[in-house]
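If you want the building blocks of each chain, they are given just below.
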Amino acid sequence: MTGQMRWKHMKWVLLGGASAAGIVLSSYPTTPQLLRCPEIGSLPGIVLGMFIATTIIHTVVTSIQADLVHSKRLSAWLSTSGGRRHLLIAIGALMTAATLFLEILLWAWVYRQVGAIHGLEESIYFSGITFTTVGYGDVTLAKCWQLLSVGEAVNGVLMAGWSAAQLIFLVQRMMILSVQSEETKAD
């Protein structure tokens, strides 16, 4: 079985895993007031579930991008114009940014679902500054939920590194196609 065929089948497994992670996270009982704190043992489970969910999301996007840049048909289309290669880099960057934003939204949903933060705007804002490790400190969690934000910060650093690697791979691939295109024109 070729690598591309394995990924095509693996994507469905990964999407199923993401769905399962979502079901597990959504079954966590919501806390109607912020004063109610979780047992310390439940926080690692939430963080692990989010690590799994974000890893699955990133794996799917990475495999889509890898399949695209290794597609013979797309490589032929890209080899005719430098502008097309730039377009693919821009699309890859947008896909990566959208993936990171989706993961920030997922963390924001968790904060609201467990009752750590009530407002939608506040949960997205807190999740964004935590995931990106900016951490202004103007919005904070109750002491009992703070370990959850540490998990998100670690997750954000890992996903940002992965995303940077994705974009470097994409740019390198486009540079290789550019050199191959120039060599073909020279022959």
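Residues numbered from 1 in each chain as written. Predicted model: local features only at pLDDT ≥ 70, side-chain atom pairs only at ≥ 80, totals over all residues. Heavy atoms only, no water.

Undergrad: Sorry, what's going on with the nonpolar core here?
TA: Tyr111, Val114, Leu141, Trp145 and Leu148 are the most contacted members of the largest nonpolar core, which has 19 residues in total. Contributing elements (two or more residues each) for this core: α2 (42–69), α4 (82–114), α5 (120–131) and α6 (146–186). Among the elements that take part in this core, α4 stands out by supplying five residues, more than any other. Beyond its immediate stretch of four places on either side in the chain, Tyr111 contacts Ala116, Ile117, Phe126, Ser127, Thr130, Leu141, Leu148, Ser149 and Glu152. In terms of nonpolar packing, the next biggest core, distinct from the first, is built from six residues, Leu74, Leu88, Leu170 and Met174 among them. (Core = buried A, V, L, I, M, F, W, Y, C linked by side-chain atoms within 4.5 Å. Buried < 20%, exposed > 50% of the residue type's maximum accessible area, 1.4 Å probe, protein only. Helix = DSSP H or I, 4+ residues; strand = E, 2+ residues; numbered from the N terminus. Contact = heavy atoms within 4.5 Å.)

Undergrad: Looking at this model, I keep getting lost on unusual backbone geometry. Mind explaining?
TA: A positive phi angle, close to 60°, is found at Thr133, a residue other than glycine. Inspection of the secondary structure puts Thr133 in the loop between α5 and α6. Of the residues examined, Thr133 reaches a relative accessible area of 45% and is grouped as partly exposed.

Undergrad: Which parts of the structure should I look at to understand the packing of aromatic side chains?
TA: The way to describe two aromatic rings as a pair is by their centre distance and the angle between their planes. For the structure shown, the criterion picks out three aromatic pairs. Judged by centre distance (5.2 Å) and plane angle (80°), the ring pair of Tyr111 and Phe126 falls under edge-to-face. Pair noted here: Tyr111 is in helix α4 and Phe126 is in helix α5, with a separation of 15 residues, a long-range link. Accessibility assignment for this pair places Tyr111 and Phe126 in one class, buried. A network of ring pairs unites the aromatic residues Trp107, Tyr111 and Phe126 as a single cluster. (Phe/Tyr/Trp six-rings, centres within 6.5 Å; stacked < 30°, edge-to-face > 60°.)

Undergrad: Sorry, what's going on with α5 here?
TA: Within an α-helix, residues lying three or four positions from one another point in the same direction, as the helix has 3.6 residues per turn. In this model, α5 (twelve residues) spans 16 Å end to end at C-alpha, consistent with the 16 Å of a helix rising 1.5 Å per residue. Listing the buried residues of α5 in full gives Ser123, Phe126, Ser127, Gly128, Ile129, Thr130 and Phe131. (Expected span 1.5 Å × (residues − 1).)

Undergrad: Mind showing me how you'd approach the environment of Ile64 here?
TA: Mapped onto the fold, Ile64 is located in helix α2. Between the C-alpha atoms of Ile64 and Met95, which are 31 residues apart in sequence, the distance is 10.0 Å.

Undergrad: Looking at this model, I keep getting lost on the confidence of the model for the protein chain. Mind explaining?
TA: Where the model shows low pLDDT, its predicted coordinates should not be examined in detail. Across the protein chain, pLDDT averages 81, with 79% of residues at or above 70. Averaged pLDDT values over the elements of the protein chain bottom out at 58 in helix α1 (residues 3–26) and peak at 95 in α5. (pLDDT = per-residue confidence, 0-100.)

Undergrad: For this particular structure, what's the right way to read the packing of α4 against α5?
TA: Relative placement of two packed helices is described by the angle separating their axes and the distance separating the axes. The contact between α4 and α5 brings their axes to 8 Å, and the two run at 125°. Looking at the two axes, α4 sits oblique to α5. By crossing handedness, the relation of α4 to α5 is classed as right-handed. Counted together, Leu100, Glu103, Ile104, Leu105, Trp107, Ala108, Tyr111 and Arg112 of α4 and Leu120, Ser123, Ile124, Phe126, Ser127, Gly128, Thr130 and Phe131 of α5 form the full contact between these two elements. Grouping the constituent residues of the contact of α4 with α5 by class yields ten nonpolar, four polar and two charged. (Axes fitted to C-alpha atoms, helices over the stretch in contact; angles between N-to-C directions. Parallel < 35°, antiparallel > 145°, perpendicular 65-115°, else oblique. Left-handed = near helix turned anticlockwise from the far one by under 90°. Nonpolar A, V, L, I, M, F, W, Y, C, P; charged D, E, K, R; others polar.)

Undergrad: Mind showing me how you'd approach the environment of Glu122 here?
TA: As for its placement among the helices and strands, Glu122 is situated in helix α5. Measuring from C-alpha to C-alpha, the distance between Glu122 and Arg112 comes to 9.5 Å, with ten residues separating the pair along the chain. Beyond its immediate stretch of four places on either side in the chain, Glu122 contacts Ile117 and Val139.

Undergrad: What should I look at first to understand a nonpolar patch on the surface in this one?
TA: Taken together, Ile40, Leu147, Val150, Val154 and Leu158 make up a surface patch of nonpolar side chains, about 460 Å² in accessible area. Among the secondary structure elements, Ile40 is positioned in the loop between α1 and α2. Overall, Ile40 belongs to the exposed group, its relative accessible area being 59%. (Patch = residues over 30% accessible without salt bridge, like charges linked within 9 Å, V, L, I, M, F, W, Y side chains within 5 Å. Areas by Shrake-Rupley, 256 points an atom, 1.4 Å probe, with all protein chains shown as cover. Salt bridge = Lys/Arg side-chain N within 4 Å of Asp/Glu carboxyl O.)

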